[in-house]
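One-letter residues, chain by chain:
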Amino acid sequence: MQKITQNQLIEKAASLLSDGTVNAVLGWSRGEFGYDVTPKMFKTEEDLKENFVWNDFCGVNFSKYLVSKTDRFDGKILVFLKPCDTYSFNQLLTEHRFEREKVYAVGIPCEGMVDVIKLKAVTGEGISEIKEDGENLLVTTIYEDAPVKVAFKDVLLERCINCKSKKHVAYDELMGDEGEVIESKRFDEVAKIEAMTPDERFAFWQNELSRCIRCNACRDACPACTCEKCVFDNPQSGVENKAPANSFEEKMFHIIRAYHVAGRCTDCGECSRVCPQNIPLHLLNRKFIKDINEFYGEYQAGAEVGSRAPLVDYTTEDLEPGEVFDRRDIDA
Amino acid sequence: MQVNEHKPLIVAFCCNWCSYAGADLAGNNRLNYPADVKIIRVPCSCRVNPMFVLRAFQRGADGVIICGCHPGDCHYTSGNYYTRRRMAALFSMLDFLGIERERTRLEWVSAAEGAKFAATMNDFVEKVTALGENKRLEDLRCKR
């Protein structure tokens, strides 16, 4: 249930395109089905009016797209950023991954996005039409005549249930009202796993990670993973782009993937959203964020441009790795 | 006497300037520490990439210990401070995934601390031996 409408966005994009402020619009277009919204570069008003969509399935974080789009496109690009996307936007600016001058950012409010996997769990496969009805979604499938009523808040993405901020931290122009940073309970799940015994934790992760098919979607969608040469593409490594051969490779991939974004991860939740196997990858990232907050002080990546990531910084008084465990034992 | 007692394999990453010299001193002083410890010399403890630690486990290590100069004494001024943050994060993550926390350790050993080196290694090997084989981060293809 988005507060801002598709037509408002199309109008805004069309006016900025026609007055020459921007030369292209990075937006969402309808995919094969109503729920698989696909990113697209719009260059004409006709195209915008025909194909641009804005609905409850526009979860894609466009910040990462700016890295390759600004590089290959001569001219200014209009991008619509939801609050959580603006954190990634700032983080990428901090890392000098794209030129700020080539982007015109419009902040748009977001009421949370729908998780297609959760939705399909309720309605089943074969979704042919999705309509909004107040606080509910009316979903028609090809197998049933009557549409199924699904409460919007029941099928939200995990990251939206634990939304950390409705405030935009970067924009050139803002549409709608500005929100607030939210005191979320996003670390509760991590704390729950921490409270388990090592055997339970091991079993939990073995169960989750063994589903991994190494499609690399988590890496490709992650706005923090923007290296041009990735360690997982190295043909000498023995782990390049192939399904994990055993449980070690699963763990190694996920530990290293999460570690490489530790301190830079804004917790945008793209990794979990794109995972076709529904692995709770955000928990690994949040574990690092939680640790960093506890050991080195509160830090929100992307909250401001130019802040120094905790893992490339130090103080002489830092905790020793052993003390970390001692402290946790005392707490427990 | 037990015949098939498990002999652990311990990988020790030692920084060239302090801990490696500390190990040397332990040898010169004829201090005993288990032969299960395999020392890998690195230019600085911050040369140790998290991938090194995981790779060591993959190739059959039962424990990984990283030794560096005491905080403030790094040959490169600040290398070991970075190590400290990195390894705190990595070890905590390994613990989060259910890997026994006694299998990893970070220790500061100076070039004058031969005795500390030997004592640390004795203690570490004893703890890892008690844990037994590394089953949780093993790669069956690399089995010895």
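Residues numbered from 1 in each chain as written. Chains lettered and ligands numbered in written order. Predicted model: local features only at pLDDT ≥ 70, side-chain atom pairs only at ≥ 80, totals over all residues.

Secondary structure summary: chain A contains 13 helices and eight strands in total. For 332 residues, the compact-globule estimate of 2.2 N^0.38 gives 20 Å, and the C-alpha radius of gyration of chain A, at 21 Å, lies within 12% of that figure. If one aligns the C-alpha atoms of chain A with their principal axes, the spans along those axes are about 60 × 50 × 45 Å. Buried positions account for 37% of the 332 residues belonging to chain A. (Helix = DSSP H or I, 4+ residues; strand = E, 2+ residues; numbered from the N terminus. Rg over C-alpha atoms; globule rule 2.2 N^0.38 Å. Buried ≥ 20, exposed ≤ 12 C-beta atoms within 10 Å, placed from the backbone.)

Take the sheet that holds strand β7 (residues 148-151) of chain A next. All names here are of chain A. Pairing is antiparallel across the open sheet formed by three strands, whose spatial order is β5-β6-β7. Looking at strand neighbours, the two that pair on one side only are β5 (127-133) and β7, the edges of this open sheet. Going across the sheet, the axis of each strand differs from the next one's by a mean of 30 degrees, ignoring polarity. As defined by bridge partners, β5 adjoins strand β6 (residues 136-141) across six bridges and the pair is classed as antiparallel. Each residue of the ladder has a partner; that of Glu129, found in β6, is Thr140. Against the sheet, helix α5 (residues 116-123) touches β5, β6 and β7, its axis set at about 140 degrees to β7. (Pairing = 2+ DSSP bridges. Axes fitted to C-alpha atoms, helices over the stretch in contact; angles between N-to-C directions. Contact = placed C-beta atoms within 7 Å.)

In this section: helix α2 (residues 50-58) of chain B. Residues of α2(B) that are buried: Pro50(B), Val53(B), Leu54(B), Ala56(B), Phe57(B) and Gln58(B). Here the buried face of α2(B) lies against α10 (247-260) of chain A together with β1 (10-15), β3 (63-68), α3 (79-96) and β4 (104-108) of chain B. Two residues or fewer after α2(B) comes Gly60(B), characterised by a positive phi angle close to 110 degrees.

Negative phi characterises most residues that are not glycine, and trans characterises most peptide bonds. All names here are of chain B. Positive phi outside glycine occurs at Arg30, with the angle close to 60 degrees. The backbone of Thr77 sits at a positive phi, close to 70 degrees, despite the residue not being glycine. Following the sequence through the fold, Thr77 ends up in the loop between β3 and α3.

On to the domain arrangement of chain A, then. Considered domain by domain, chain A is made up of domain 1 (6-114 + 161-174), domain 2 (116-155) and domain 3 (188-331). Centre-to-centre, using C-alpha coordinates, domain 2 of chain A lies 33 Å away from domain 3 of chain A. (Domains from an automatic or database assignment.)

All names here are of chain A. Strands sit in the order β2-β1-β3-β4-β8 across an open sheet of five strands; the sheet is mixed. Of all strands in the sheet, those bounded by a partner on one side alone are β2 (38-42) and β8 (173-174). In the sheet, strand β1 (residues 24-29) pairs with β2 via five bridges, with the strands oriented antiparallel. Paired with Ser29 across the two strands is Thr38, which belongs to β2. Of the strands in this sheet, β1, β2, β3 (77-81) and β4 (103-107) touch helix α3 (residues 63-72), which is tilted by about 180 degrees from β3.

A few words now on the interface of chain A and chain B. Listed by partner, the interface residues are 30 residues for chain A and 32 residues for chain B. Only α7 (188-194), α8 (198-209), α10, α12 (282-296) and α13 (321-331) of chain A provide two or more residues apiece to the side of chain A that touches chain B. Among the elements that make up the side of chain A that touches chain B, the one with the highest residue count is α10(A) (six residues). Residues that form the side of chain A that touches chain B fall into these classes: 20 nonpolar, two polar and eight charged. (Nonpolar A, V, L, I, M, F, W, Y, C, P; charged D, E, K, R; others polar.)

All names here are of chain A. Where β6 lies against β7, four bridges are found, and the strand directions are antiparallel. Each bridged residue has a counterpart across the sheet, and for Asn136 the counterpart in β7 is Ala151. Turn length for the β6-β7 hairpin, with the two strands adjacent in sequence and antiparallel, is six residues.

All names here are of chain B. The pairing of β1 with strand β2 (residues 37-42) spans six bridges and is parallel. If you follow Cys14 over to β2, its bridge partner there is Arg41. In this fold, the crossover linking β1 to β2 by way of helix α1 (residues 19-28) has right-handed handedness. (Right-handed = clockwise from strand over helix to strand, strands pointing away.)

With that out of the way, let us pick up the environment of Ala111(B). Residues and elements named next belong to chain B. When you line up the elements, Ala111 lands in the loop between β4 and α4 (114-131). On the neighbour-count criterion, Ala111 (18 C-beta atoms within 10 Å) is partly exposed. Each C-alpha atom of the pair Ala111 and Leu25 lies 7.3 Å from the other, and the pair is 86 residues apart in sequence. Not counting residues within four places of it along the chain, the set of residues in contact with Ala111 comprises Cys18, Ala21, Gly22 and Leu25.

Close contact between α10(A) and α2(B) brings their axes to 11 Å; oriented N to C, the two are set at 170 degrees. With respect to each other, α10(A) and α2(B) are oriented roughly antiparallel. Residues Phe248(A), Met252(A), Ile255(A), Ile256(A) and Tyr259(A) of α10(A) touch α2(B), and the partners they reach there are Pro50(B), Met51(B), Leu54(B) and Gln58(B). Taken together, the residues that form the contact of α10(A) with α2(B) break down as eight nonpolar, one polar and no charged. (Parallel < 35°, antiparallel > 145°, perpendicular 65-115°, else oblique.)

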